[in-house]
There are 2 protein chains.
Amino acid sequence: MERRYNFNAGPSALPQEVLDHAQSELLSYQQLGMSIMEFSHRSKEYQKIHDGANELLRELLNIPDDYEVLFLQGGASLQFSMIPMNFLSEGQQGNYVITGSWAQKALKEAEKIGNTFIGSSSQADDFRSIPDLGTIKYSDQDAYVHLTSNNTIHGTQWKHFPKNDQSRFIADMSSDILSRSLPVDQFSLIYAGAQKNLGPAGVTVVILKKDMLKNIPDNLPTMLDYRTHVDKKSLYNTPPSFAIYMLSLVLQWTKNNGGIQAIEKLNAEKTNLLYDTIDGSKGFYNGTSEKQSRSSMNVTFRLPGKELEDLFLKEAEEEGFVGLKGHRSVGGCRASLYNAVPIESVHALCDFMHTFHHKHNI
Amino acid sequence: MERRYNFNAGPSALPQEVLDHAQSELLSYQQLGMSIMEFSHRSKEYQKIHDGANELLRELLNIPDDYEVLFLQGGASLQFSMIPMNFLSEGQQGNYVITGSWAQKALKEAEKIGNTFIGSSSQADDFRSIPDLGTIKYSDQDAYVHLTSNNTIHGTQWKHFPKNDQSRFIADMSSDILSRSLPVDQFSLIYAGAQKNLGPAGVTVVILKKDMLKNIPDNLPTMLDYRTHVDKKSLYNTPPSFAIYMLSLVLQWTKNNGGIQAIEKLNAEKTNLLYDTIDGSKGFYNGTSEKQSRSSMNVTFRLPGKELEDLFLKEAEEEGFVGLKGHRSVGGCRASLYNAVPIESVHALCDFMHTFHHKHNI
Ligand SMILES: Cc1ncc(COP(=O)(O)O)c(C=O)c1O
Ligand SMILES: Cc1ncc(COP(=O)(O)O)c(C=O)c1O
Ligand SMILES: [Mg+2]
Ligand SMILES: [Mg+2]
Ligand SMILES: [Mg+2]
Ligand SMILES: [Mg+2]
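Residues numbered from 1 in each chain as written. Chains lettered and ligands numbered in written order. Predicted model: local features only at pLDDT ≥ 70, side-chain atom pairs only at ≥ 80, totals over all residues. Heavy atoms only, no water.

### Here's the deal with the packing of aromatic side chains
Here the distance between the centres and the angle between the planes together describe a pair of aromatic rings.
Residues and elements named next belong to chain B.
And then number 1: This structure, assessed with the given rule, holds 39 aromatic pairs over all chains.
And then number 2: Judged by centre distance (5.9 Å) and plane angle (85°), the rings of Tyr285 and Phe301 are edge-to-face. Of this pair, Tyr285 sits in the loop between α7 (259-279) and β11 (286-287) while Phe301 sits in strand β12 (residues 298-302), and the two are 16 residues apart along the sequence.
And then number 3: Given a relative accessible area of 1%, Phe301 falls into the buried group.
And then number 4: An angle of 35° between the planes, with centres 6.1 Å apart, marks the rings of Phe352 and Phe356 as tilted. (Phe/Tyr/Trp six-rings, centres within 6.5 Å; stacked < 30°, edge-to-face > 60°. Helix = DSSP H or I, 4+ residues; strand = E, 2+ residues; numbered from the N terminus. Buried < 20%, exposed > 50% of the residue type's maximum accessible area, 1.4 Å probe, protein only.)

What follows is the structure in structure tokens.
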């Protein structure tokens, strides 16, 4: 069967080996005569998957022992609310660095809960860049400082992360977690919807420093209190067990393929191929983000004029390329190069872009 | 491959045809060269599944047009909080009918949000029964009246539902939705985690009367405001797309097998087989719930003495029966006979129970 060139922004490509494996045991997990979807979440078989995913993520990201790893539901969007509900106390402020639409949404949810502050914003720049670390404003009242490590829509990414002694940094890493080595210890909380580098939609990963659990207000809804999920090891209620199973397979695949170091190297190769094609096109293809802020995950670009752009997207689709349309809020084109996108897909895309360029040279 | 006799309480058995179908197209949904997990939730292919599941559920349950059908995350447990957050106003009370542990948990979440009232409780009875409809207390201050249609842990089920002109009834139907015909119009809201009769864990179904949307307080977290999901047709953020795909297959299977009427009839046959085995055992097997309150989904029973019970569970497991252990909070035995449990499994269980009884006649 011919697989397509999948550049979706999320849900997105999964490793073919992972899908093959899941398919082979879909009706009988480990020859046990039941689908993994049919096992109780209290069974020893499921428990092993649940714990295994936790341990693998710790190993791959080198997560220190004073951090908890949680598997939740509700997507990154529910984290936008859980974070201020748990950590934004009276008399404090949530400090948000605004680098794109997702950061804006996170801020909006915090505004409903408490005071907020914008430590930096690249909105004036149409979110084409990541702020210089030195320009971010901090305050004694910061409950935490929230940033979006990779801006899925705008195609920008933090290359370094801020660090100081008093701030608790929180990061939405939905679209670049597991794509590169990560100084976890610079963060108090990291969260990510799984549906880009981690697995299918339906599970959200939270990496949480234990000292964050100390000042959570009492009387939060049980499901929205991080302590519930820490205490019950993400088994307070029925977890999305199949999504966590798929996550465990993707993590195993990542490990089998050399772990973060190897993945990071391959991702750089993929990204360079595509940006070189863009930059070598003499302005036919135009990267939308500033060069030093370019994302290695979501490559955003435009063509000269809407007509040509539409034609590009149409012909690409006919050639088997999926997901190249930019987010409906910004238009243009976007190729998402998540971990599971094979380099062959990127070669094919670059070839197609060369051909299209020559055909429509203007 | 030999499938097991799966009596899990949830996650639980899925129809073999559904698993076969999902397996056959796991790498290439409708020959399109991508897994359904790899499609964007904004693609027309996924949209069709999403809408299709909605329409099928409407058709199967005969849901009136003035109701919304939502697909959410977080399980029934998050609904325990969303309901009072959205509907329990100052000066009102949430009226809870307490028929088991899940009802207690729902009540506990409401207590965090506002005033509550217990309109009836079978706790004194160890939750062995459902209250007579006539004994439930209502009040002018009731924001709503909450009940649990089937008590998964205790093995009891409402045979009829209360009805009056002023009350807004809300029901947790996690463990019996789609098992029998349902007077949807007697309820203002019905909710259910999918992992029993509807599909795998990871999606929660909410059936909501539109007039409930009028008095929701502003400034709720966006993800916890029912209006968000109504407005965006359960696509505000990334939905658990594979779980919803599986739900759509289970609904299609239900329809192919004659719909609710046929399912209800078959369920009654299955239930009768097992209760007859219990009642015909001269007290060797003891049903734990009152006869007129017995659940058609979760059949709870005990054996004389812990030793024999442990032996029963051990030998059953060796014979390929899964999930017969009662909930850890109550002990004993429980066989869950959800829609996807084939009658052959029930025959096999009854045979095993007869044999075990004769071997250990005391
Ligand atoms: C950076 C980022 N944050 C948050 C979200 C929202 O995630 P979810 O749909 O899981 O709520 C997305 C989705 O694409 C994202 O890219
Ligand atoms: C009747 C009932 N309500 C609520 C729940 C909790 O559901 P969830 O795990 O989806 O939160 C269950 C789980 O078994 C249940 O049986
Ligand atoms: Mg953005
Ligand atoms: Mg984004
Ligand atoms: Mg109960
Ligand atoms: Mg129960």
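Back to the write-up after that little detour.
### Description of the sheet that holds strand β14 (residues 333-336) of chain B
Residues and elements named next belong to chain B.
And then number 1: The strand order across the open sheet formed by three strands is β11-β12-β14, and the pairing between neighbours is antiparallel. Each having just a single partner strand, β11 and β14 make up the two edges of the open sheet.
And then number 2: Both β11 and β12 contribute to a ladder of two bridges, which runs antiparallel. Bridge pairing in β12 places Asn286 opposite Arg302. (Pairing = 2+ DSSP bridges.)

### Focus: the site of ligand 2
And then number 1: Every one of the 15 residues lining ligand 2 counts as a neighbour, but Thr238(A), Ser77(B), Thr152(B), Asp172(B) and Lys196(B) are closest to it.
And then number 2: Near ligand 2, residues from chains A and B are present, making the site a shared one.
And then number 3: Between ligand 2 and Ala76(B), the relevant distance is 3.1 Å, taken from an oxygen atom to a main-chain nitrogen or oxygen of the residue.
And then number 4: A distance of 2.6 Å is found between an oxygen atom of ligand 2 and a side-chain nitrogen or oxygen belonging to Lys196(B). (Near = heavy atom within 4 Å. Polar contact = N/O pair within 3.5 Å; in protein donor to acceptor, adjacent residues only side chain to side chain.)

### Considerations on the pattern of salt bridges
And then number 1: Summed over the entire model, instances satisfying the criterion amount to 30 salt bridges over all chains.
And then number 2: Where Glu315(A) meets Lys359(A), a salt bridge forms, and the shortest distance between an N and an O atom there is 2.9 Å. With Glu315(A) in helix α8 (residues 306-318) and Lys359(A) in helix α9 (residues 343-359), the pair connects residues that are 44 residues apart, well separated along the chain.
And then number 3: The class for Lys359(A) is exposed, based on a relative accessible area of 54%.
And then number 4: Close ionic contact of Glu109(B) with Lys112(B) constitutes a salt bridge, the shortest N to O distance being 3.8 Å. A residue pair is termed a helical-turn pair when its members lie 3 or 4 positions apart in one helix, as Glu109(B) and Lys112(B) do in helix α4 (residues 101-113) at three residues.
And then number 5: The network of salt bridges with common partners includes Asp218(A), Asp225(A) and Arg227(A). (Salt bridge = Lys/Arg side-chain N within 4 Å of Asp/Glu carboxyl O.)

### Quick notes on the interface of chain B and chain A
For an interface, size is often stated in terms of accessible area lost upon the parts coming together.
And then number 1: In this assembly, 61 residues from chain B lie in contact with 61 residues from chain A.
And then number 2: Buried surface at the junction of chain B and chain A, both sides included, amounts to about 5,100 Å², of which 56% is carbon and sulfur.
And then number 3: Inspection of the region where chain B meets chain A yields two salt bridges.
And then number 4: For Glu38(A), the salt bridge is made with Arg3(B), and the minimal N-O distance between the two is 2.8 Å.
And then number 5: On inspection of chain B and its partner chain A, the count reaches 27 residue pairs in polar contact (both at pLDDT 80 or more). (Contact = heavy atoms within 4.5 Å. Buried area = accessible area lost by both parts, 1.4 Å probe.)

### Focus on the packing of helix α3 (residues 75-87) of chain A against helix α4 (residues 101-113) of chain A
Helix-helix packing is characterised by the crossing angle of the two axes and by the distance between the axes.
Residues and elements named next belong to chain A.
And then number 1: It is at 8 Å that the axes of α3 and α4 come closest, and there the two elements cross at 40°. Looking at the two axes, α3 sits oblique to α4. As α3 packs across α4, the resulting crossing turns out to be right-handed. For the pair α3 and α4, the contacting residues are Phe80, Ser81, Pro84 and Met85 in the first and Trp102, Lys105, Ala106, Glu109, Ala110 and Ile113 in the second. (Axes fitted to C-alpha atoms, helices over the stretch in contact; angles between N-to-C directions. Parallel < 35°, antiparallel > 145°, perpendicular 65-115°, else oblique. Left-handed = near helix turned anticlockwise from the far one by under 90°.)

### Examining the site of ligand 1
And then number 1: Neighbouring ligand 1 are 15 residues, the closest being Ser77(A), Thr152(A), Asp172(A), Lys196(A) and Thr238(B).
And then number 2: Near ligand 1, the surrounding residues are drawn from chains A and B.
And then number 3: At a separation of 2.4 Å, an oxygen atom of ligand 1 approaches a polar side-chain atom of Thr152(A).
And then number 4: Contact with the protein chains hides 96% of the accessible area of ligand 1, taken as 390 Å² for the molecule alone.
And then number 5: The element best represented in the shell around ligand 1 is α3(A), accounting for four residues.
And then number 6: Partitioned by chemical class, the residues of the shell around ligand 1 number three nonpolar, 10 polar and two charged. (Areas by Shrake-Rupley, 256 points an atom, 1.4 Å probe, with all protein chains shown as cover. Nonpolar A, V, L, I, M, F, W, Y, C, P; charged D, E, K, R; others polar.)

### Here we look at the packing of helix α2 (residues 44-61) of chain A against helix α6 (residues 241-256) of chain A
All names here are of chain A.
And then number 1: Contact pair α2 / α6: the axes reach a minimum separation of 9 Å and the direction vectors enclose 40°. In terms of their interaxial angle, α2 and α6 are classed as oblique. When the axes of α2 and α6 are compared, the crossing they make is left-handed. Across from Tyr46, Ile49, His50, Ala53, Leu56, Leu57, Glu59 and Leu60 in α2, the residues of α6 making contact are Ser241, Ile244, Tyr245, Ser248, Leu251, Gln252, Thr254 and Lys255.
And then number 2: A breakdown of the residues in the contact of α2 with α6 according to their chemical character gives nine nonpolar, five polar and two charged.

### A short note on the relation of the copies chain B and chain A
And then number 1: In the superposition of chain B on chain A (RMSD 0.0 Å, axial shift 0.0 Å), the rotation amounts to 180°. Expressed as a symmetry operation, the mapping of one chain copy onto the other fits a two-fold axis.
And then number 2: Mapped onto chain A, 100% of the interface residues of chain B are again interface residues, and the two copies thus contact each other with one and the same surface. (Least-squares fit on C-alpha atoms with pLDDT ≥ 70 in both.)

### A word on the domain arrangement of chain A
Residue and element names in this part refer to chain A.
And then number 1: Structurally, chain A comprises domain 1 (16-256) and domain 2 (258-359).
And then number 2: One C-alpha centre belongs to domain 1, the other to domain 2, and the line joining them spans 27 Å.
And then number 3: If you look at the interface, domain 1 gives 27 residues, while domain 2 gives 25 residues.
And then number 4: Of the roughly 2,000 Å² buried at the junction of domain 1 and domain 2 (both faces included), carbon and sulfur atoms supply 50%.
And then number 5: Of all residues in domain 1, Arg128, Ile153 and Gly155 bury the most surface against domain 2, accounting for 25% of the area lost on that side.
And then number 6: Inspection of the region where domain 1 meets domain 2 yields zero salt bridges. (Domains from an automatic or database assignment.)

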